[in-house]
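Observations on the model geometry
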Amino acid sequence: MTSILTSTLKNLPNTSKWALRFSVRPLSCSSQLLALSAAQPKSKKTLAKPNMRNIVVVDGVRIPFLLSGTSYKDLMPHDLARAALLGLLQRTNVPKEVVDYIIFGTVIQEVKTSNVAREAALGAGFSDKTPAHTVTMACISSNQAMTTAVGLIASGQSDVVVAGGVELMSDVPIRHSRKMRKMMLDLNKAKTMGQRLSLLSKFRLNFLSPELPAVAEFSTSETMGHSADRLAAAFAVSRLEQDEYALRSHSLAKKAQDEGLLSDVVPFKVPGKDTVTKDNGIRPSSLEQLAKLKPAFIKPYGTVTAANSSFLTDGASAMLIMAEDKALALGYKPKAYLRDFVYVSQDPKDQLLLGPTYATPKVLEKAGLTMTDIDVFEFHEAFSGQILANFKAMDSDWFAQNYMGRKTKVGLLPLEKFNIWGGSLSLGHPFGATGCRLVMAAANRLRKDGGQYGLVAACAAGGQGHAMIVEAYPK
Amino acid sequence: MVASRAIGSLNRFNAFRILRSRGCSCRNFSGSSALLARTHVNYGVKGNVAVIRLNSPNSKVNTLNKEVQTEFMEVMDEIWASDQIKSAVLISSKPGCFVAGADINMLASCKTPQEATQISQEGQRMFEKLERSPKPVVAAINGSCLGGGLELAIACQYRIATKDRKTVLGVPEVLLGILPGAGGTQRLPKMVGVPAAFDMMLTGRNIRADRAKKMGLVDQLVEPLGPGIKPPQERTIEYLEEVAITFANGLVDKKISPKRNKGLMEKLTAYAMTIPFVRRQIYKTVEEKVRKQTKGLYPAPLKIIDVVKTGLEQGSEAGYLAESQKFGELALTKESKALVGLYHGQVLCKKNKFGAPQKDVKHLGILGAGLMGAGIAQVSVDKGLKTLLKDTTVAGLGRGQQQVFKGLNDKVKKKSLTSFERDSIFSNLIGQLDYQGFEKVDMVIEAVFEDLSVKHKVLKEVEAVIPDHCIFASNTSALPINEIAAVSKRPEKVIGMHYFSPVDKMQLLEIITTEKTSKDTTASAVAVGLKQGKVIIVVKDGPGFYTTRCLAPMMSEVIRILQEGVDPKKLDSLTTGFGFPVGAATLADEVGVDVAKHVAEDLGKAFGERFGGGSPELLNQMVSKGFLGRKSGKGFYIYQEGSKNKSLNSDMDTIFASLRLPAKPEVSSDEDIQYRVVTRFVNEAVLCLQDGILATPAEGDIGAVFGLGFPPCLGGPFRFVDLYGAQKIVDRLRKYEAAYGKQFTPCQLLIDHANSPSKKFYQ
C-alpha cells in the first residue's frame, strides 16, 4: 500500500520518464529531490528485532580493483585475499584470536586453492584454530559470505566473523580436454609398458585443444553479455541511454576517487611492483567516443559494447562483522547494521539479470520499508543495459502484474541516490569481491551524506539476485 | 497465385487512383499512411522506410492468394512511386508465421494445366518485379516461411530471421506433389547453391533459422527476446522490425552489402558448378537417387530436377517457362490430388472435434516400460507431462528409462535440444515399481502384454488407486476395448489408445471408443494425443478396430503369396514398387511374427473366412522356431546388429516347402500380386466405413497412410477408390474372387460406388 504512495510521490517531480537525462549533471538536479525526500517522515526508527542479536559491520576494506592483466597479473587469488585481510587487520586492529570464523566468496576457482578463504587466512597470520570456508554464488558470492556470517552470528554460533571475496581474472584455470584428461588418468593406472603404449596409440591431436572456463550460462549456453543485450532490447533500452549511463558511472566514480570518498580502498604493495593505491578502470570518456565502439556480443546491430559493460577485474575485499554487543565490548564504534536480506531467482534465459527488480520490493516488504525510506541505493552494475532494464522493469505496471505477481509497479528509482560514487561499470567487478564493496559503499555513503537506510542489490549468473538493507549505525 | 490479366490491369487502375487520392493527405501525416486500410496487406512509414505488414484476417497464418497478391502489388506500387520512401521492410503481424505458403485451394479450382500454369506465371511476374525493385526490400521473418512464403522472401533484397524454434524456412511443395512455382526453382540454386537447393526442393524439409543463415538463405539473425515492456512474442516482432529498419537504411546508404561473404567450400562448389561436366554428374546422381527412392511413383521430384536443369543450362527465361509449365502439369496429377488430400486430412486429424476436456491431463501414469510404454513416455515428457512409468522389474524399468533417455539424447546429438533441456525434460519422468503417486494422475495408459487377463489384472489394480476423474486408456492393437472395460467399475472412463511403433517416429494415434466411453473421456484422450504431437483418428470399438483390421486380410494374402512360391525379396519389391514404404514381408518382421499370429488368430475367429487365405500354420511354425522377426534376429530375413543389408532366412525354405500352395497362373502376374494385396486392404477399409467403425473416409485415409504405410501417392484407400475408379477395383476383386472365393467379395459400399460413378468418398 505504501508503495503506491511512494510511486505517486516519485512521479510528481519526474514527469519526464527518464531522470537519466540529468545523469551527466547529477548534482544539478539532485538538490531539490534530496530536499523532498528528506522532508518525508521515516516509517521506522530502527529495524532491530526483538530477541535477535543486532549484527554490525565494524569496517570493511578492499584492495584497489584493477583491470585484469595489470599489476596483479602474476599473483594468485589467495594473494589478493590475503592482502585484503591484512588491510582489514590494519584498519580495524582486531585481535586475530577473537575472529571465530572466516568466509570468502569467489567464482572462478583456482584449483590449487579451492578453499581460498583458508589459504588466505593462514597466510595473513590468523590463528590456525580459526576455521574458514569458501562460498560461491556467481556475482553475489561475497554477499553470500556476508549473509552466511549474519546467520552464524544470529544463531549464536559465532560472535566475530570476517567475510570477504576475491577474484583474479588475470589467470583462469584452463584445462586439458576431457579426452586428454581421461587418457592421462588411465596412463597413471596402466601397469605394463604394453598397456601404456596401447593407451598412447589412441592419442589424437584434438586431445590437445584446451578447455576454457565457461563464459556462458551452463543451462542456456548463452554468454551474459548476449543475454544483457537481449534484455536491453526487450525493455527497449537504446544504445544512447546505455552509453549515457556508462558515462555517468565513470564520471561519478572519477569524482568520488578525486574527492577521496572511496575510503574502503587500502593500498597494496604488490611484490616486485609498485604499491597500488587506486582503482585503475575509471575512464571517463565522451559520448562521441563511446558511440564509436562496435557491439561486443550481438553483432553487428546489438547495443552492449565493451564500454557500457563492466570489465574483467582483479580484486579482493574483506569485512569485519560482529554481534553488536561484542563490538561494543571490544570498544568498537561500528559503521552500520546489516538488516533484512533476500535471495531471489528467476528464469536464467530471459530474466538472467533482473535479480534486483525482484529482490528490491521483496526486501523492502520484509523490512517494512518503502522506497522513500531508502537514502542510499547501491546496485551492482553488470551492464548499463542491465541496470536500465531493471529500472524499466521496476517502473512497469505491466511487468509487475505479469511477471512479479504484484498489483502495481515497484516504482522508479531516484537516480540522485543511486550509485553516486560510481559502480561496477567504472570501479570494476571482481565477481567474488563486489558484494562487500557494495555494502561498504552504502555504509560509507550513509555516514558521509547522512540518512538511515541503504539498499544493496545485485544480479548474478544463474538468474539469481540478492538485496539487503544496510542501516547506518547511530553516530 | 494470382489474378488474371484483366484483374491485373484493374489493379493498376486502382493503385493509380489510390495514389492520387493519398497525395494530399500524405504530406501532413507522413507516418500514418495506414489511413487506407486494406484487408491483408498494410504499410506504415518510419522515416524513409515503409514497413509492409502482412496480416490476413480471421486466420492464424498468412497464405498467399489472389487478394493478398493484389494488395501487395498495390502497396509496392505506392512505395515505388513515393519520393519519401527509400526502402521497405516486409513483416508479418502474426506471431509464429511469416507466410505459411500459397493458398492450396487456388489449385483445387484449376480445371486444366493451363490454368495452373497461369497461376504460376502470375506469381513469377510479381516476384520478378519485387526482385528488380529499385528500392531495397528487407524480409523480416518470424515464424514459418514456407513455400510461396519463402519464394517471396528470396525475391527480396535482404532477409532477417528470428532465431526462434518456430522460425522455419522451406519449400514443401514436393510433399504436395507439385514444385515451387513462383520462381523458387530458379532463385534457390543461385542463392544456396545447386546441391543445397536440390536437397531443399526434393525433400521439402524445414530449415531452422540458424542453419538457414549458414546456408546463405537468410542474411541476419535476430535473437528472440524475453519479457520486457511487452509480452515476449510481441516485443520480439517489434525488435525484428526495428533491426530490419536499420538494415533497410543501411542498404540504402550502401553501408551494408546484400552480397554475402562466401566460405571457401561454397566458393569451391560454386566454381565446380561452372564446369558443365560436374553439373551433368550432379543431375545424374540426383536423378538416380530420386528414381530409386520414388520408384517412378512420384512425378514431382523428377520435374523439379528437370526445371532446375533447364534454368541452369538454358538461362532463366527458359527456366521460368519450364517451371510454370511443369507446375501446371503437376498440379493436375492424381499424385498431387492424393497428396493434397492427405494434407487436408492431416489438418483435420490435428483438431479436437470433441471440444476441450473438463480437466487438463497434467499427470500421466504409464503401465509397462516396454517398447511401447517407454515410447509413449518419451513423447509425453517432452511436452511437459509429468509421467509415472511403472513396470514390474528393475531391469524392465531400466530398459524403458534408457529408451526415453536415448530418444532425448539423440535429439541433443542432432542439436534440436540442448543437454540442459534434455535433463530438465527427463526429470518429468519418474520410474517406479509400485503405484505410489497414482492417486494424483489424470490418465493412465497401459502398455502391458497383449493378453486380456493381464489387462484385466492391471485395470483392477490401478482402479483401486487412481482418483475418480482419472481415465484408463489401453494401448492395444487388437483386443476389443469393451472386453477390457468389462471388469471396470467405471467403463465410461475406459478408452483405447492405439499407438504405433516406434512411438516417437510414427505420427498416428488410433483412439477407440466403446458404446460406454463418455464424450469427455474421448475429448481428453484426443487432447493428450494432440499434445504428444500425434495425428489422430477416432474409431469405434470392434475386433482389430480400423488399422489392424485392414492389415490382417492384407497380411493373410501376403502369406498366401509366399506359400505360392514368391520369395520374400520379390514380394517386398513388388509392394514397395506399388508405393508401400516398407515391403510386406519386412513389415511382418518389423511388427513381429508372434504379434501377427496373435492378431490373425483373434481376427480370424471374429471375421471367419473373409480373413482366410494364407495358412496360419506358416506363422505357427515360424513362432515355434523362434523366427519372430527383427526383435529375435530372424524372421523372413536375418537381421544383424549394425548391418543394414539383410539376407533371406534360408531356414524358412523348409517351412515354405511343407506349406507350398500351387500358384494360379491367371492371378499371379506381378501386377495381380500387387493388386491382390492392395484390394483386400481397400475392401476391408471400405467395409470399416460401411460398418461404422470409421466416422469419415478422411480418417480412414490418414490411418492407412500414417499408421500402416499405405502408399501416400495413392492418398489412402478411399482416395484411391475415388481416383482409380470404384468400378475397376470391383472388377479386380471379382476376378480374384473367381480364383479364391469369398475373401475377395467386394463389400456393398464399394459396389454402390461402382454402380453410380458420381458417388465419391470425397466430393
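Quantities reported herein were computed from a predicted structural model and do not represent experimental measurements.

A closer look at the overall build of chain B
- Tallying secondary structure elements over chain B gives 31 helices and 22 strands in all.
- Taken against the 2.2 N^0.38 rule, which gives 27 Å for 763 residues, the C-alpha radius of gyration of chain B at 29 Å falls within 12% of a compact globule.
- For chain B, the C-alpha atoms occupy an extent of roughly 85 × 60 × 55 Å along the three principal directions.
- On chain B, roughly 32300 Å² of surface is accessible, and the fraction owed to carbon and sulfur atoms is 56%.
- Seen as two clouds, the 102 positive and the 80 negative side-chain charges of chain B have centres 5 Å apart.

Considerations on the UniProt feature "domain: Thiolase N-terminal" (unreviewed entry) in chain A
- The feature "domain: Thiolase N-terminal" (unreviewed entry), as annotated in UniProt, sits at residues 55-325 of chain A in this numbering.
- With 36% helix and 16% strand, residues 55-325 of chain A has end C-alpha atoms that lie 9 Å from one another.

Digging into the sheet that holds strand E10 (residues 168-170) of chain B
Residues and elements named next belong to chain B.
- Taken in spatial order, the four strands of this open sheet run E5-E8-E10-E11, and their pairing is mixed. A single partner strand is all that each edge strand has here, and the edge strands are strand E5 (97-99) and strand E11 (207-208).
- Bridge count for strand E8 (residues 144-146) against E10 is two bridges, and the pairing is parallel. Directly across from Leu146, in E10, lies its bridge partner Gly170.
- Packing of helix H5 (residues 148-155) onto the sheet brings it into contact with E5, E8 and E10, and relative to E8 it is tilted by some 90°.

Some thoughts on the packing of aromatic side chains
All names here are of chain A.
- For the structure on display, the rule yields 30 aromatic pairs over all chains.
- Consider the rings of Phe341 and Tyr343, whose centres lie 6.0 Å apart with planes at 75°: the pair is edge-to-face.
- Its relative accessible area of 24% is what places Phe341 among the partly exposed residues.
- On the accessibility criterion, Tyr343 (23% relative accessible area) is partly exposed.

Overview of the UniProt feature "site: Important for hydroxyacyl-coenzyme A dehydrogenase activity" (unreviewed entry) in chain B
Residue and element names in this part refer to chain B.
- This chain's UniProt record puts "site: Important for hydroxyacyl-coenzyme A dehydrogenase activity" (unreviewed entry) on His498.
- By secondary structure assignment, the location of His498 is in strand E18 (residues 494-499).
- For His498, a relative accessible area of 5% puts it in the buried group.

Some remarks on the UniProt feature "domain: 3-hydroxyacyl-CoA dehydrogenase C-terminal" (unreviewed entry) in chain B
- Under the local residue numbering, the UniProt record ascribes the feature "domain: 3-hydroxyacyl-CoA dehydrogenase C-terminal" (unreviewed entry) to residues 544-639 of chain B.
- Secondary structure content for residues 544-639 of chain B is 62% helix and 2% strand, while the C-alpha to C-alpha distance between its ends is 29 Å.

Examining the pattern of salt bridges
Residue and element names in this part refer to chain B.
- Applying the stated criterion to the full structure yields 72 salt bridges over all chains.
- Among the salt bridges present, the one from Asp199 reaches Arg205, with a minimum N-O distance of 2.8 Å.
- Taking relative accessible area as the criterion, Asp199 reaches 31% and is therefore assigned partly exposed.
- Residue classification places Arg205 among the partly exposed residues on the basis of a relative accessible area of 41%.
- It is possible to trace a salt-bridge network through shared partners that takes in Glu557, Arg560, Glu564, Arg676 and Arg680.

Notes on the interface of chain B and chain A
- Each side of the interface is counted separately: chain B has 19 residues, and chain A has 16 residues.
- Each partner contributes to the roughly 1600 Å² buried at the junction of chain B and chain A, and carbon and sulfur atoms together form 64% of this total.
- Among the residues chain B hides against chain A, the three largest losses belong to Pro227(B), Ile229(B) and Phe420(B). Together they make up 33% of the total.
- Applying the counting rule to chain B against chain A returns five residue pairs in polar contact (both at pLDDT 80 or more).
- Secondary-structure elements contributing two or more residues to the side of chain B that touches chain A are strand E12 (220-222) and helix H9 (232-252) of chain B.
- The greatest single-element share of the side of chain B that touches chain A, amounting to five residues, is contributed by H9(B).
- Residue composition of the side of chain B that touches chain A, by class: twelve nonpolar, four polar and three charged.

Focus on the side chain of Ser133(B)
Residues and elements named next belong to chain B.
- Residue position: Ser133 is located in the loop between helix H4 (113-131) and strand E7 (137-141).
- We classify Ser133 as buried; its relative accessible area is 9%.
- A distance of 2.9 Å separates the side chain of Ser133 from the side chain of Trp80, its partner in a polar contact.
- Excluding anything up to four places from it in sequence, Ser133 contacts Trp80 and Gln157.

Structural notes on the sheet that holds E12(B)
All names here are of chain B.
- In spatial order, the strands read E1-E2-E4-E7-E9-E12; together these six strands make up an open sheet with mixed pairing. Among the strands making up the open sheet, the edge pair consists of strand E1 (41-46) and E12. The mean inter-strand angle of the sheet, taken between neighbouring strand axes irrespective of direction, is 20°.
- Pairing analysis gives four bridges linking strand E4 (residues 87-92) to E7, with the strands arranged parallel. Paired with Ile91 across the bridge in E7 is Ala140.
- Where H9 meets the sheet, its contacts fall on E1, strand E2 (49-54), E4, E7, strand E9 (158-162) and E12, and the angle it forms with E4 comes to roughly 160°.

About the cut-offs
- Residues numbered from 1 in each chain as written.
- Chains lettered and ligands numbered in written order.
- Predicted model: local features only at pLDDT ≥ 70, side-chain atom pairs only at ≥ 80, totals over all residues.
- Heavy atoms only, no water.
- Helix = DSSP H or I, 4+ residues; strand = E, 2+ residues; numbered from the N terminus.
- Rg over C-alpha atoms; globule rule 2.2 N^0.38 Å.
- Areas by Shrake-Rupley, 256 points an atom, 1.4 Å probe, with all protein chains shown as cover.
- Lys, Arg positive; Asp, Glu negative; His and termini not counted.
- Charge placed at Lys NZ, Arg CZ, Asp CG, Glu CD.
- UniProt positions renumbered as here; feature names shortened; annotations may be inferred.
- Pairing = 2+ DSSP bridges.
- Contact = heavy atoms within 4.5 Å.
- Axes fitted to C-alpha atoms, helices over the stretch in contact; angles between N-to-C directions.
- Phe/Tyr/Trp six-rings, centres within 6.5 Å; stacked < 30°, edge-to-face > 60°.
- Buried < 20%, exposed > 50% of the residue type's maximum accessible area, 1.4 Å probe, protein only.
- Salt bridge = Lys/Arg side-chain N within 4 Å of Asp/Glu carboxyl O.
- Buried area = accessible area lost by both parts, 1.4 Å probe.
- Polar contact = N/O pair within 3.5 Å; in protein donor to acceptor, adjacent residues only side chain to side chain.
- Nonpolar A, V, L, I, M, F, W, Y, C, P; charged D, E, K, R; others polar.

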